[in-house]
Protein chains: 4
Amino acid sequence: MARRSALLLMAARRGAADLQADLDRRKPGSNRFTTARREADQVRILSGVFEGVTTGTPIALLIENSDQRSQDYGDIKDLFRPGHADYTYEHKYGIRDYRGGGRSSARETAMRVAAAGIAKKFLAQQGISIRAGLSQMGSVIAEQWDWQQVNQNPFFSVDGNAVAAMEELIRELKKAGDSVGAKVRVEAHGLPVGLGEPVFDRLDADIAKALMSINAVKAVAIGDGFAVVNQRGSEHRDELTPSGFLSNHSGGVLGGLSTAQPLLADIALKPTSSIGVSGQTIDRFGQPQAIVTKGRHDPCVGIRAVPIAEAMVALVVIDHYLRHRAQCGDVTQITPNIEQR
Amino acid sequence: MARRSALLLMAARRGAADLQADLDRRKPGSNRFTTARREADQVRILSGVFEGVTTGTPIALLIENSDQRSQDYGDIKDLFRPGHADYTYEHKYGIRDYRGGGRSSARETAMRVAAAGIAKKFLAQQGISIRAGLSQMGSVIAEQWDWQQVNQNPFFSVDGNAVAAMEELIRELKKAGDSVGAKVRVEAHGLPVGLGEPVFDRLDADIAKALMSINAVKAVAIGDGFAVVNQRGSEHRDELTPSGFLSNHSGGVLGGLSTAQPLLADIALKPTSSIGVSGQTIDRFGQPQAIVTKGRHDPCVGIRAVPIAEAMVALVVIDHYLRHRAQCGDVTQITPNIEQR
Amino acid sequence: MARRSALLLMAARRGAADLQADLDRRKPGSNRFTTARREADQVRILSGVFEGVTTGTPIALLIENSDQRSQDYGDIKDLFRPGHADYTYEHKYGIRDYRGGGRSSARETAMRVAAAGIAKKFLAQQGISIRAGLSQMGSVIAEQWDWQQVNQNPFFSVDGNAVAAMEELIRELKKAGDSVGAKVRVEAHGLPVGLGEPVFDRLDADIAKALMSINAVKAVAIGDGFAVVNQRGSEHRDELTPSGFLSNHSGGVLGGLSTAQPLLADIALKPTSSIGVSGQTIDRFGQPQAIVTKGRHDPCVGIRAVPIAEAMVALVVIDHYLRHRAQCGDVTQITPNIEQR
Amino acid sequence: MARRSALLLMAARRGAADLQADLDRRKPGSNRFTTARREADQVRILSGVFEGVTTGTPIALLIENSDQRSQDYGDIKDLFRPGHADYTYEHKYGIRDYRGGGRSSARETAMRVAAAGIAKKFLAQQGISIRAGLSQMGSVIAEQWDWQQVNQNPFFSVDGNAVAAMEELIRELKKAGDSVGAKVRVEAHGLPVGLGEPVFDRLDADIAKALMSINAVKAVAIGDGFAVVNQRGSEHRDELTPSGFLSNHSGGVLGGLSTAQPLLADIALKPTSSIGVSGQTIDRFGQPQAIVTKGRHDPCVGIRAVPIAEAMVALVVIDHYLRHRAQCGDVTQITPNIEQR
């Protein structure tokens, strides 16, 4: 007969409740600085879990849309909102579901967060943890990083001292009916050496795809990112000593594989395009129109992107963890790994 | 009976010769500013082409390694070169092919360029073209862009006026035995509206993965990239008029789908880690060692990345072109698209 | 702007109701010859359909389990039922959901039927239809085929004259607490020439996988199937004339691609192993046990397999239809196809 | 540091030579009962192996076509050979490579055999072996099975006593210019419990796809195959006792997962359609033509299918072995498995 590790069994006992914590971080209406739409974001586990334990068969999760006011969208059903997917969906499919909550809505990311809740539990058992925080909102930059701060403020800011300025910025934006972009840092700690594939599914490439797939993300950087353009090789290469790497410019990936150093990624999120400032657009009939979005939208979607970024990295890491076990499960360590900084 | 479009038939007539042009741009030894290794990079078409025309069945290409001097690598076979995949490969697989030309070598990208040669021919028939150029090398920035310049200088620089400074920088680096990073812009023009998928395989996400999978790339930006962090929604959103979009901050992608505007991407390439400056490392036995790489390597791998970046974008675009035809081949246009800027 | 074909729009209007018809054919309790379990099998469309039309984005369907009496399964929770997946699931995953309705239950196929309802609507618009019928139940063979009969009798028998003997057989089996196997024929009509791929995803290979994936299926034959073993080449090869093929021994596939003749497949379904006849087994602790399954089970699962077989063929054909359009959407017919028999 | 098991290292030492043995069994011209075409079928390992050991990175193999006489095919370039893929390829792609050695040629299977040579080495280390044999050729049935006979006769017949009748049959067919079908049994021994997936990639479904993808295969059966139609549940279900299963009607798969009993599959191969008997066909212009194939072809392609069937099963099993390790690598056995018959 067979059994799974006791750790996994216990870890899974709490079921859906475990997945809810991150969902609550992502959901709108959880603080006064994001959209006023209230969505219960209550996840149900439909299959794949029995008596609090995953059964190995596919897990289906369901989050129902609860607070979707169709009337909020009626007046934009023939308009292509600038900066939105209205125009591209209409042309690709010849039809468009103009209500909120569809595929092009950030609402879709709720399920990524829920699914990643399962991944995070498994990864935690392997000693792998994921964390993310807001490092910049518009011109307000997090200068002094303290990861303890992230869950202590409504912006998930890594700098508690920046919170006041962020509050002020949000107030200003709400008044102006405008929005602003943001920068988010996401990290994975505790990875073993060697996750990833050499060519087709490099770990950094999969991280880039996963993060770029989040609504509003326009750039992804690993390690030093664009700063490498102006670095010398003698500065960038992370030298090794018997007690570990001397730096982490690479962000924890070499040749598409994890180095066991922290995996470091930064993403840029554009300002939401659903704003109260009038703009030019056209309607489905090609006629020019002015548009002002009246719905309840975030002045800075980057805030809620923090748990989503964590989720996407968790999903990529667990995939590669399992793939690595598939191919290299019989590669045994003959000397201890070096210490990692 | 059936036939393919005459255009495709004619376009394919030249066979392997057509694929060689881009390979020659990528290959080392093609100018004195890149590595002195000489590789013939001669591509053979093994299958899938008959009488100069693709047959629809899989196309196999082969490029043999010709100038690989194993002795150049013998003294690093027990060392983990900092900034290289030596350390990660050794730990993942329990074995490492220390010779050049393996999976972790930029040599692997030759085949990407060859394969993309086929994709580019097909895309050209659909009015889609891809171009790339070097926009920065270390501190030397291309200020005045002129795409005509790209193939007129050995750096594929988009600014002919920056060439002298780049030459000077390379000379300095060679003298110092050091290397430097670079920034490359890649663009696709002529895309129809709607290429991409709404969630799992967004066009921008696939572009990010493809570009991040190129050796040495550490960051990918679409459109305004990291600059969006400090933009307002009223500034970023690309307004529409009956005569087209008024701007292209989005870089040609909205909601994961192409807008038919130019697709714009930037990538950062790290400085090569194979340099003549001594550095600290460890060997396979965990002992500290000093390392100086003596092989023939590029002072700036970003130069040769230009045709590779073009190749990766071409491969992503052709995949999405075909996928779009699969799903939406029966969506008919009832009014003309707006003009694109 | 763009629009889909009016046909598709109209065809999709009825929404979930359209998918229900086949579900009702598959569901238990729909006639007195299958299991007495009653399952509503009511399908809900959760996403991807708007105002009765598919939007192009993913379609999510949900069928909730309604009549699952856990107490029916309590006494088998520590037993491995012979002929069931209990033993294999327990060993693979180290845990097993012993209640009905799980992954190893035929219940899982309800969703295949629902999903295929959408595929069939699309295929019908292309002139492609799928049909299936029971051709043998135990020793009762359908001798005189009449496809009009299939939906006129509770066994989906293609021979109305065999119905009385089938009724008699089911009665006898119920009395004995035993079960029997069956043979099902499934056909696709109206396929264009060329669906399929030459090596990796041959149409016949994908049909084989899809049909073998149905619970209880133990064999799949295309065209003449095992009868080809004793045929001569001069007999088997389907000769061509300007007015069409002279025979269809191949079952509509040559070289992995559809010939445009009817696609013909036969499957064998084993007798259900949940029977009232006592048998030997072991429990989770390795101890010998006698087992009699008391749940409400089908004496012949082959009956309900008829709509499932249709569903699986529909799903394979639509996939290949779209893939073919992706790759060969620009291959134009220059002379008319020959007539097909 | 890390290392692979010594066993794998040693096993891999012989490199390409190890892959050649099965290739030689498959290749034409190896005995006087198959086609007279001589193909060297010499495999070269292009990448992924270093100092006789797999490196973990992709392995590329190359077998060049050496004895392809284009003139043999010139007179059929405008004809659609009945029973061949000529007609379907021409219509799918609008073009057809009429020479031998293309995608629709059995020649393509040489590479499957070569690739499976690597899989078999790995599987052997896990105690898993694959074997196949001819169980019927036309009306000549292997009555007395003896697996020792398979490599002792030119037909891979499992019955040495049937060899004389098979020789006679081949002689007769050659004289008549005709061909005949065959039946092949393939088995995998030593599988652990639990290989496979519950719904999408069931082990039996993947085996069915893999075997049906072999040229000329028209039917695949697992375990008792079509005989289950006339079995009772009380007969078919394989009862369990503490000392093992009492029978193997299921052929080693329950619920899509391996039971650890021998995996048993049978396939039917059609008679080759390239025969010397004149038949009706049409040409590319729709005109009626008579056809007699003059090339050197096998009177019974089923013979050479024996190593190919082994190869396909080996490839499916290794995939599932690695997938199982990925998902269930941490499921530990707490009591010994029962003995298997």
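The structure presented is a predicted model; accordingly, all values stated were derived computationally and were not measured.

> Looking at this structure, I do not really get the sheet that holds strand β7 (residues 140-141) of chain A. What am I missing?
Strand pairing in a sheet takes place through backbone hydrogen bonds and is either antiparallel or parallel in direction. Taken in spatial order, the 10 strands of this open sheet run β7(A)-β6(A)-β8(A)-β14(A)-β9(A)-β9(B)-β14(B)-β8(B)-β6(B)-β7(B), and their pairing is antiparallel. A strand with exactly one partner marks an edge of an open sheet, and here the two such strands are β7 of chain A together with β7 (140-141) of chain B. Together, β8 (182-189), β9 (217-222) and β14 (263-269) of chain A together with β9 (217-222) of chain B form the strand contacts of helix α7 (residues 203-212) of chain A, whose direction differs from that of β9 of chain A by roughly 155°.

> I would appreciate a short explanation of unusual backbone geometry in the present structure.
Look at phenylalanine 156 of chain A: it is not a glycine, yet its phi comes out positive at around 55°. Of note, phenylalanine 156 of chain A is situated in the loop between β7 and α6 (163-176).

> Is there a simple way to explain the UniProt feature "binding site: NADP(+)" (unreviewed entry) in chain A in this structure?
Under the feature "binding site: NADP(+)" (unreviewed entry), the UniProt entry names Arg26 and Arg32 of chain A. Within the secondary structure, arginine 26 of chain A sits in helix α2 (residues 16-26).

> Any chance you could explain helix α5 (residues 109-125) of chain B here in plain terms?
All names here are of chain B. End to end, α5 covers 25 Å across 17 residues, agreeing with the expected 24 Å (1.5 Å per residue, within 8%). Of all the bends found along α5, the most pronounced is centred on glycine 117 and spans about 25°. Count one or two residues on from α5 and you reach glycine 127, which has phi positive near 80°.

> What exactly am I supposed to notice about the interface of chain A and chain B here?
Listed by partner, the interface residues are 100 residues for chain A and 101 residues for chain B. A combined buried area of about 8,000 Å² lies between chain A and chain B, and 62% of that area is made up of carbon and sulfur atoms. Counting across the interface, chain A meets chain B through 6 salt bridges. Measuring nitrogen to oxygen at the nearest pair gives 2.8 Å for the salt bridge that ties aspartate 206 of chain B to lysine 209 of chain A. Taken together, chain A and chain B are joined by 41 residue pairs in polar contact (both at pLDDT 80 or more). Considered class by class, the residues forming the side of chain A that touches chain B number 43 nonpolar, 37 polar and 20 charged. As judged from the 3 bridges shared by β9 of chain A and β9 of chain B, these two strands associate in the antiparallel manner. Counted as the bridge partner of valine 220 of chain A is valine 220 of chain B from β9 of chain B.

> Where do I start with the pattern of salt bridges in this structure?
Once the charged atoms of two side chains with opposite charge are near each other, the side chains can pair. Counting across every chain of the model gives 96 salt bridges over all chains. As a salt-bridge pair, aspartate 86 of chain D and arginine 96 of chain D come within 3.4 Å of each other at their nearest N and O atoms. A residue pair is termed long-range when its members are at least 10 positions apart, and aspartate 86 of chain D in helix α4 (residues 86-93) and arginine 96 of chain D in the loop between α4 and α5 (109-125) qualify at 10 residues. In terms of burial, aspartate 86 of chain D and arginine 96 of chain D fall into one category: buried. As a salt-bridge pair, aspartate 298 of chain D and arginine 304 of chain D come within 2.8 Å of each other at their nearest N and O atoms. The same class applies to aspartate 298 of chain D as to arginine 304 of chain D, namely buried. Because the salt bridges share partners, they merge into one network encompassing Asp78, Arg81, Asp86, Glu90, Arg96 and Arg284 of chain A.

> What's the story with the relation of the copies chain D and chain B in this structure? I'm lost.
Each of the two chain copies goes to the other by way of a rotation about an axis and a shift along it. Overlay of chain D on chain B (RMSD 0.0 Å): rotation 180°, translation along the axis 0.0 Å. Taken together, the rotation and translation describe the operation of a two-fold axis. Considering only C-alpha atoms, the residue of chain D closest to the rotation axis is leucine 62 of chain D, which sits at 4.8 Å. When the interface residues of chain D are mapped onto chain B, 100% of them again fall at the interface, so both copies present the same face.

> Teacher, can you tell me more about the packing of α5 of chain B against helix α9 (residues 305-328) of chain B here?
Think of two packed helices as two axes; the pair is described by the angle between the axes and how far apart they sit. Residues and elements named next belong to chain B. It is the contact of α5 with α9, at a shortest axis distance of 8 Å, that shows an interaxial angle of 50°. Overall, the two elements α5 and α9 adopt an arrangement that is oblique. Crossing of α5 over α9 shows left-handed handedness. Residues Thr109, Arg112, Val113, Ala115, Ala116, Ala119, Lys120, Phe122 and Leu123 of α5 lie in contact with α9, whose contacting residues are Pro307, Ile308, Glu310, Ala311, Met312, Ala314, Leu315, Val317, Ile318, Tyr321, Leu322 and Arg325. Of the residues that constitute the contact of α5 with α9, the class distribution is 16 nonpolar, 1 polar and 4 charged.

> Just checking my understanding: could you explain the interface of chain D and chain B for this structure?
Often, the extent of an interface is quoted as the loss of accessible area on bringing the components together. Between chain D and chain B, the contact holds 31 residues from the first and 32 residues from the second. At the boundary of chain D and chain B, one finds 2 salt bridges. With a closest N to O distance of 3.3 Å, arginine 44 of chain B and glutamate 64 of chain D form a salt bridge. Applying the counting rule to chain D against chain B returns 2 residue pairs in polar contact (both at pLDDT 80 or more). When contributions to the side of chain D that touches chain B are tallied by element, the ones reaching two or more residues are β1 (2-3), β2 (43-47), β4 (53-54) and α4 of chain D.

Parameters at a glance
- Residues numbered from 1 in each chain as written.
- Chains lettered and ligands numbered in written order.
- Predicted model: local features only at pLDDT ≥ 70, side-chain atom pairs only at ≥ 80, totals over all residues.
- Heavy atoms only, no water.
- Pairing = 2+ DSSP bridges.
- Helix = DSSP H or I, 4+ residues; strand = E, 2+ residues; numbered from the N terminus.
- Contact = heavy atoms within 4.5 Å.
- Axes fitted to C-alpha atoms, helices over the stretch in contact; angles between N-to-C directions.
- UniProt positions renumbered as here; feature names shortened; annotations may be inferred.
- Expected span 1.5 Å × (residues − 1).
- Bend = angle between axes of the 7 residues up to and from the residue.
- Buried area = accessible area lost by both parts, 1.4 Å probe.
- Salt bridge = Lys/Arg side-chain N within 4 Å of Asp/Glu carboxyl O.
- Polar contact = N/O pair within 3.5 Å; in protein donor to acceptor, adjacent residues only side chain to side chain.
- Nonpolar A, V, L, I, M, F, W, Y, C, P; charged D, E, K, R; others polar.
- Buried < 20%, exposed > 50% of the residue type's maximum accessible area, 1.4 Å probe, protein only.
- Least-squares fit on C-alpha atoms with pLDDT ≥ 70 in both.
- Parallel < 35°, antiparallel > 145°, perpendicular 65-115°, else oblique.
- Left-handed = near helix turned anticlockwise from the far one by under 90°.

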